[in-house]
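Breakdown of the fold
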Amino acid sequence: MNTKKNLLIRLLKLFPIKSVKEHFGIKTSKRDFVIDEVIEKYSEDNILKFACEKFDYSKQHIYIYSHNLKKLSDFGASIFPDLECYQFLNEPKIKSYFYFYETTYSVLILNDQIQRAEVNFKVPLKVVVDDKYIILYFTIVEKNISTYIENSNRVLNFGKSTDEKILSVKLYNEVSSLCSLNLLDLNKGIKYLWESNFIDAPYVKWKRSKSTSTETMDEEYTLKEQYPDIYNQIMNAPIKKTIFKFLIKSEISYNHFIVDPTEGKISFTTFAENIKDKEYVIGKILQHN
Amino acid sequence: MSLEKFFNIIDNSFVGKIITNKQEIIEKTDPDRIYTENIRSFFNIPFVVAKGLCELAVKEKLFKKKYGYLCPNEDCDRIVKSFDSLADKNEVLTCYQCELKQKDKYEFQIKEMNSVVYYQLRK
């Protein structure tokens, strides 16, 4: 269930199969066969290197913090003391840390018999620090764990041992002696992109003075195009978890992303086709924030 | 084709006599999404009468009847896709919003989905 091989298979499943095939030069088309071939032919080191290099193809939750650190050099070669840093890039204006953390899901596997099990994952995590921000890039492990477990029809998931919250608290504790850390409010940057018609929203949640409103658009409709009056109201209010659609498709391969601007959180819940897309979107938001 | 034609049908019926504020209704209606309840509340008439009027407008080729299929996820409930007639019960629709929100289920057979009827003004 949790052999080294199992963990590597699950790690490869966190990436689009196209990126696995291209990286390892596999010709087979079916996902399971591709992964089997990679596991047979390549070492653990090769696979971890792939996950590090092609990290930005994965589905991710991204948290952006602002900090008041005076000197970037105050940050050492690792941010999480109990995690081994797989790769540390130390550039003059930016530091980048890459980790694999292990997490255990407690599950019930429902096949012919009900079986209680623990399913381990090796999950990639990237942390980028520059003179203004600390950005955490968490790989998304699907809630539907059955996609990662061999020969299982249905799996009930009861939670995991290490999650984004635990690691975020660790980060807070670790840097608290160096600087203060605050989740960055992204409302300004998001509203600029919305106003510029770079994005529009098929689903919006926002705060009214005494309530929280949501607008869930039917079919492929988007809010600003259909309801300009509501859009104008939202432009003066804090935006909560919202789905945005990219309107200028020539610049980006993603169709949508999710952002909670008030919580400094951006999610890409589908695989990227272009490895640079996430950085491009985050850069655009921060540029106008 | 305008909503005025539809209102002429109503004008010619017994309901027409109680209709007022037509211009306001024309201005406030989304010609792509007219629900029976919109017509009922505009004219303050019984639901069955409003439904009958909408069906009459379809026969007169003023309205186009549409069937919208709703996402069964409780906190979604949006129209995933619309058809000109009842859809094949085995067809599978994907709610892309629920997929993006990483809901446990986001693909549904038509037979699992509730539908809603609405009308469009023919252009």
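As a reminder, the structure under discussion sits directly above these lines.
Definitions and limits used
Residues numbered from 1 in each chain as written. Chains lettered and ligands numbered in written order. Predicted model: local features only at pLDDT ≥ 70, side-chain atom pairs only at ≥ 80, totals over all residues. Heavy atoms only, no water. Axes fitted to C-alpha atoms, helices over the stretch in contact; angles between N-to-C directions. Helix = DSSP H or I, 4+ residues; strand = E, 2+ residues; numbered from the N terminus. Left-handed = near helix turned anticlockwise from the far one by under 90°. Contact = heavy atoms within 4.5 Å. Nonpolar A, V, L, I, M, F, W, Y, C, P; charged D, E, K, R; others polar. Core = buried A, V, L, I, M, F, W, Y, C linked by side-chain atoms within 4.5 Å. Buried < 20%, exposed > 50% of the residue type's maximum accessible area, 1.4 Å probe, protein only. Buried area = accessible area lost by both parts, 1.4 Å probe. Salt bridge = Lys/Arg side-chain N within 4 Å of Asp/Glu carboxyl O. Polar contact = N/O pair within 3.5 Å; in protein donor to acceptor, adjacent residues only side chain to side chain.

**Points about the packing of helix α3 (residues 36–43) of chain B against helix α4 (residues 47–59) of chain B**
Residues and elements named next belong to chain B. Taken N-terminus to C-terminus, the directions of α3 and α4 make an angle of 115°; their axes are 8 Å apart at the nearest point. Between α3 and α4 lies a crossing of right-handed hand. Residues Thr-36, Glu-37, Ile-39 and Arg-40 of α3 touch α4, and the partners they reach there are Phe-47, Ala-50, Lys-51 and Cys-54. Classifying every residue of the contact of α3 with α4 gives four nonpolar, one polar and three charged.

**Side note on the nonpolar core**
Residues Ile-64, Val-127, Trp-194, Phe-257 and Ile-266 of chain A are the most contacted members of the largest nonpolar core, which totals 94 residues. Apart from the residues lying within four places of it in its own chain, the contact partners of Ile-266 of chain A are Gln-60, His-61, Ile-62, Ile-64, Leu-186, Phe-257, Ile-258, Val-259, Ile-282 and Ile-285 of chain A. Listed in part, the 15 residues of the second largest apolar core include Phe-7, Ile-39, Ala-50 and Leu-121 of chain B.

**A few points about the interface of chain B and chain A**
Taken residue by residue, the interface counts 16 residues in chain B and 16 residues in chain A. Both faces considered, chain B and chain A share a buried interface measuring about 1500 Å² in area, 47% of it formed by carbon and sulfur atoms. Connecting chain B to chain A are two salt bridges. Joining chain B to chain A, the criterion identifies 11 residue pairs in polar contact (both at pLDDT 80 or more). Mapped onto the side of chain B that touches chain A, the elements with two or more residues apiece are β2 (79–83) and α5 (96–100) of chain B. In the side of chain B that touches chain A, the residues fall into seven nonpolar, three polar and six charged.

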